[in-house]
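Each chain, letter by letter, is given below.
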There are 2 protein chains.
Amino acid sequence: MAKQTKNNAERKQRVRNRNEKKIISAAEKIFSEKGYNTATIQEIADKLNMPKANIHYYFPTKKDLYLTVIMKLRDLWKNEVDVMMTKSDAKTALRIYVRSLLDISFENPHAHKIWNWEMMRGARNLTSDIRESMKKRNKKETALIQSWVDTGQIVSIEPQNLLYFLWGITTHFSHQRDQIKILNGNKHLSKEQREKVYDDAVNMILRGVIIE
Amino acid sequence: MAKQTKNNAERKQRVRNRNEKKIISAAEKIFSEKGYNTATIQEIADKLNMPKANIHYYFPTKKDLYLTVIMKLRDLWKNEVDVMMTKSDAKTALRIYVRSLLDISFENPHAHKIWNWEMMRGARNLTSDIRESMKKRNKKETALIQSWVDTGQIVSIEPQNLLYFLWGITTHFSHQRDQIKILNGNKHLSKEQREKVYDDAVNMILRGVIIE
DNA sequence: GTCTATAGTCCGATAGAC
DNA sequence: GTCTATCGGACTATAGAC
């Protein structure tokens, strides 16, 4: 009896985990396409051939689901900062940073787009601990860049501004994906074109700030 | 009698023009803050101390109002290309181009933000003539930049990519206005900070591409 | 032209049967 | 856990008095 109860509980847990993952994955796509307000639970449910009541069963409110998605994406950036921190010289660190941000923009535009929707609306849905982790990560990044300035590896520049420039350049390719498509003969950028973007971006940025 | 009728018609026309202008101006602000779907007629009406039925009197549907706003903003970019074209050297042209794009981002963020909302939504509302004028302007710009490459004024770079980088850097400051505010101690950038952004951006870009 | 009231629709969330 | 049915609220749009 006890064993059967336990097996039942385990099975239910597995079902729960599986469904939560499916829902989060579908939600990530819909939220990135439409933004928080325009996205609907119904659409997410349809994508999964599931009654929308089931979504509410796993995530009581729309905001709960949204925050779960945001939290998951937040971790995506954490690594880059750490990777950048471990590189000793500015040149290598910048090269890797730009590369990984562009990779996210090209390969997984959902992440940048959801973030962009959120920021466009004034970051209304961000909890204070998300804001704090944002600021904390930012502080690490600016301190690192400032050290490059202090050791004469890069030109004198406001570290925060350099970060804005890097973010602006790289996120542009996910936010403005559709405009780029229009200007590119109604085709998304090819693999070769993406490589050229990466080369041109790194060249301009390194030439722009690195002191040889 | 005829005269009075005419005066009446003129007066009504003046009232109509005045109200349409007021509504467009308020709508521009609300649409840029919230995007098409999240913005409500009610909020635009409240901003003008006006019943929302009046908005519908002047603009039958929400989309009519939105398209009117988009059309108006489209003209904002036309000038910059022309100004850039008249400058003989790459250095001066780039300096002015970056300056004017940043000015729009800082002084009138509505324009870039509405454009960005539209692109994020997949450019659903763009008519084909808007797309064509986009491509046409773009062709002029890339041709100009290519001529700088050919005459050895700037390094070898895909002109389209350079434009994406310039747009990414400059529009970031309107799209991500709220994130920047959070990272800046909950204050929008001061006049001095904006000047530093301008200097840092121009320095990095010119150093990055100009051949002295 | 201006206003109040409301029709019609869509969405988030819940109740309750299975 | 899964599903159907529905409530309550918000929004676009319209009807109709002034």
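Here is a short report on the structure shown in this document. (Residues numbered from 1 in each chain as written. Chains lettered and ligands numbered in written order. Predicted model: local features only at pLDDT ≥ 70, side-chain atom pairs only at ≥ 80, totals over all residues. Heavy atoms only, no water.)

The next thing to look at is the protein's contact with DNA strand C. Around DNA strand C sit 16 residues, and of these K62 of chain A together with K12, P51, Y57 and Y58 of chain B come closest. I41 of chain A places a polar main-chain atom, nitrogen or oxygen, 3.1 Å from a phosphate oxygen of DNA strand C. Those elements giving two or more residues to the surface near DNA strand C turn out to be α3 (52-58) of chain A together with α1 (2-38) and α3 (52-58) of chain B. No other element matches the 4 residues that α3 of chain B contributes to the surface near DNA strand C. Across the surface near DNA strand C, the residue classes break down as 7 nonpolar, 5 polar and 4 charged. (Near = heavy atom within 4 Å. Polar contact = N/O pair within 3.5 Å; in protein donor to acceptor, adjacent residues only side chain to side chain. Helix = DSSP H or I, 4+ residues; strand = E, 2+ residues; numbered from the N terminus. Nonpolar A, V, L, I, M, F, W, Y, C, P; charged D, E, K, R; others polar.)

Here we take up the nonpolar core. A general trend in soluble globular proteins is that nonpolar side chains are found buried together. In terms of nonpolar packing, the biggest core is built from 136 residues, with I154 of chain A together with I154 of chain B touching the most fellow members. Apart from the residues lying within four places of it in its own chain, the contact partners of I154 of chain B are A90, I145, W148, V149, L162, V209, I210 and I211 of chain B. (Core = buried A, V, L, I, M, F, W, Y, C linked by side-chain atoms within 4.5 Å. Buried < 20%, exposed > 50% of the residue type's maximum accessible area, 1.4 Å probe, protein only. Contact = heavy atoms within 4.5 Å.)

The next thing to look at is the interface of chain B and chain A. Across the boundary between the two partners, chain B contributes 49 residues, which contact 49 residues of chain A. Broken down residue by residue, the surface that chain B buries against chain A is led by M120, M204 and R207 of chain B, which jointly contribute 16%. There are 0 salt bridges connecting chain B and chain A. Where chain B touches chain A, the interface holds 11 residue pairs in polar contact (both at pLDDT 80 or more). No other element matches helix α8 (residues 159-175) of chain B, which puts 12 residues into the side of chain B that touches chain A. Broken down by class, the residue content of the side of chain B that touches chain A amounts to 23 nonpolar, 15 polar and 11 charged. (Buried area = accessible area lost by both parts, 1.4 Å probe. Salt bridge = Lys/Arg side-chain N within 4 Å of Asp/Glu carboxyl O.)

Right, let's get into the side chain of R74 of chain A. Residue and element names in this part refer to chain A. Inspection of the secondary structure puts R74 in helix α4 (residues 62-86). A distance of 3.2 Å separates a polar atom in the side chain of R74 from a polar atom in the side chain of S133. Residues contacting R74, with those up to four places away along its chain left out, are D129, I130, S133 and R137.

So, on to the protein's contact with DNA strand D. Taken together, the neighbourhood of DNA strand D is formed by 16 residues, with K12, Y57 and Y58 of chain A together with K52 and K62 of chain B sitting nearest. Those atoms of DNA strand D that come within 4 Å of the protein belong to sugar or phosphate at a rate of 60%. Between N19 of chain A and DNA strand D, the recorded distance is 3.3 Å, taken from a side-chain N or O atom to a phosphate oxygen. In this structure, Y58 of chain A approaches DNA strand D through a side-chain N or O atom, which is 2.7 Å from a phosphate oxygen. Looking at the surface near DNA strand D, the elements with two or more residues in it are α1 (2-38) and α3 of chain A together with α3 of chain B. Considered class by class, the residues forming the surface near DNA strand D number 7 nonpolar, 5 polar and 4 charged.

Turning to the environment of I24 of chain A, a few remarks are in order. Residues and elements named next belong to chain A. Structurally, I24 is set in helix α1. Here I24 falls in the buried class, since its relative accessible area comes to 15%. Between the C-alpha atom of I24 and that of N186, which follows or precedes it by 162 residues, the distance is 30 Å. When near neighbours in sequence (up to four residues on either side) are disregarded, I24 contacts F59, L65, T68, V69 and K72.

All right, on to the pattern of salt bridges then. What the rule picks out here adds up to 22 salt bridges over all chains. We note a salt bridge from K72 of chain B to E28 of chain B, for which the minimum N-O separation is 3.3 Å. With a gap of 44 residues between them, K72 of chain B in helix α4 (residues 62-86) and E28 of chain B in helix α1 connect regions that are remote in the sequence. Classification of K72 of chain B as partly exposed rests on a relative accessible area of 47%. Under the relative-accessibility criterion, E28 of chain B is labelled buried at 10%. Each member of the salt-bridge network shares a partner with another, and the members are R99, D103, K191 and E195 of chain A.

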